[in-house]
Amino acid sequence: IGISPASELELRRSKLEPLECIGQTVSQLRFAGILATKWVADSYVRAAFIRLLERLDHDGGSVQFLLLNPESESYRNFSELRWSSGGTQPIDTLRSLSAAHPSFVVRLYDALPTFRIVLIDQSIVSFSPYLMEPGTDHARTGWEAPHVVLDRTAPWPLARTFETLFMETWRTATPLLP
């Protein structure tokens, strides 16, 4: 099915954090998550992300972020399960970035999140679970959760399943308006 423990990313103990994703991206980055806070909260990461968007604007690349709609019932349920009352300010930052960069599109979904998905070009497919079990600190691990790197060339490629999951959710998600 293509779970790849010997991949270059696994060997480097990667968690596919935003700076690494930015550095790995040549022409296409797709991310599915909650609010993408880690991409814009830290000024250093945000600056690197903006440089990526500027390059992809110029080169004809694309970045697609698929995020939990912060105005949805699913977001309220998620916040209760994860003991999180964090603000939704990252959405405003992402809205501004998508308005300024034609390569960047954000859509919002309304379902309890199950996986963080990272797709980079046609080479990297990775996912990590969102744990929703109340009463455990594991439900709050975010980027600390193990990331499974998948081999797209396996005979029964699980990677294609996560690509399809992203694209089907993207297809029905609501565009983040300027």
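Everything numeric here is computed off the predicted structure, so don't read it as measured data.

*Asks:* What is the right way to look at the environment of Ala-41 in this model?
*Replies:* Relative to the elements of secondary structure, Ala-41 occurs in the loop between helix 3 (37-40) and helix 4 (43-59). The class for Ala-41 is exposed, based on a relative accessible area of 56%. As a C-alpha pair, Ala-41 and Pro-90 span 49 residues in sequence and 7.0 Å in three-dimensional space.

*Asks:* Looking at this model, I keep getting lost on the pattern of salt bridges. Mind explaining?
*Replies:* Two side chains of opposite charge can pair, provided their charged atoms sit close to one another. Under the definition given, this model contains 6 salt bridges. Among the ionic pairs, Arg-76 bridges to Glu-73, the shortest N-O distance being 3.2 Å. Separated by 3 residues within a single helix, Arg-76 and Glu-73 lie in helix 5 (residues 73-81), roughly one turn from each other. Take Arg-76: its relative accessible area is 40%, and that puts it in the partly exposed class. The shortest N-O distance in the salt bridge between Glu-168 and Arg-171 comes to 2.7 Å. In this pair, Glu-168 and Arg-171 are both assigned in helix 7 (residues 158-172), 3 residues apart and thus about one turn of the helix distant. Ionic contacts of the salt-bridge type, sharing partners, join the residues Arg-152, Arg-160 and Glu-163 into one network.

*Asks:* Please clarify how the packing of aromatic side chains should be interpreted in this entry.
*Replies:* The way to describe two aromatic rings as a pair is by their centre distance and the angle between their planes. All chains considered together, the criterion is met by 12 aromatic pairs. When the centroid spacing of 5.2 Å and the interplanar angle of 55° are considered together, the rings of Phe-31 and Phe-65 count as tilted. Of this pair, Phe-31 sits in strand 1 (residues 28-33) while Phe-65 sits in strand 2 (residues 62-68), placing them 34 residues apart in sequence. With relative accessibility at 2%, the residue Phe-31 sits in the buried group. Residue Phe-65 is classed as buried on the basis of its relative accessible area of 0%. Cluster of aromatic residues (ring-pair linked, three or more members): Phe-31, Trp-39, Phe-49, Phe-65 and Phe-104.

*Asks:* Even after reading the chapter, I still don't get the side chain of Ser-98, so can you show me in this structure?
*Replies:* Summarising the element assignment, Ser-98 is placed in helix 6 (residues 89-100). Taking relative accessible area as the criterion, Ser-98 reaches 17% and is therefore assigned buried. Setting aside residues no more than four positions away along its own chain, Ser-98 makes contact with Phe-104 and Val-106.

*Asks:* Help me understand helix 6 in this model?
*Replies:* Given 3.6 residues per helical turn, the α-helix brings residues three or four places apart onto the same face. In a regular helix each residue adds 1.5 Å, so 12 residues correspond to 16 Å; helix 6 covers 17 Å between its end C-alpha atoms and thus fits that length. Those residues of helix 6 that sit buried are Pro-90, Ile-91, Thr-93, Leu-94, Leu-97 and Ser-98. One face of helix 6 carries all of its buried residues, which in axial projection span an arc of 160°. Turned more than 90 degrees away from the buried face of helix 6 sit Gln-89, Ala-99 and Ala-100, all of them exposed. Where helix 6 is buried, its residues meet helix 3, helix 4, strand 2 and strand 3 (104-109).

What counts, and at which threshold
Residues numbered from 1 in each chain as written. Predicted model: local features only at pLDDT ≥ 70, side-chain atom pairs only at ≥ 80, totals over all residues. Heavy atoms only, no water. Helix = DSSP H or I, 4+ residues; strand = E, 2+ residues; numbered from the N terminus. Buried < 20%, exposed > 50% of the residue type's maximum accessible area, 1.4 Å probe, protein only. Salt bridge = Lys/Arg side-chain N within 4 Å of Asp/Glu carboxyl O. Phe/Tyr/Trp six-rings, centres within 6.5 Å; stacked < 30°, edge-to-face > 60°. Contact = heavy atoms within 4.5 Å. Expected span 1.5 Å × (residues − 1). Arc of directions from axis to C-beta.

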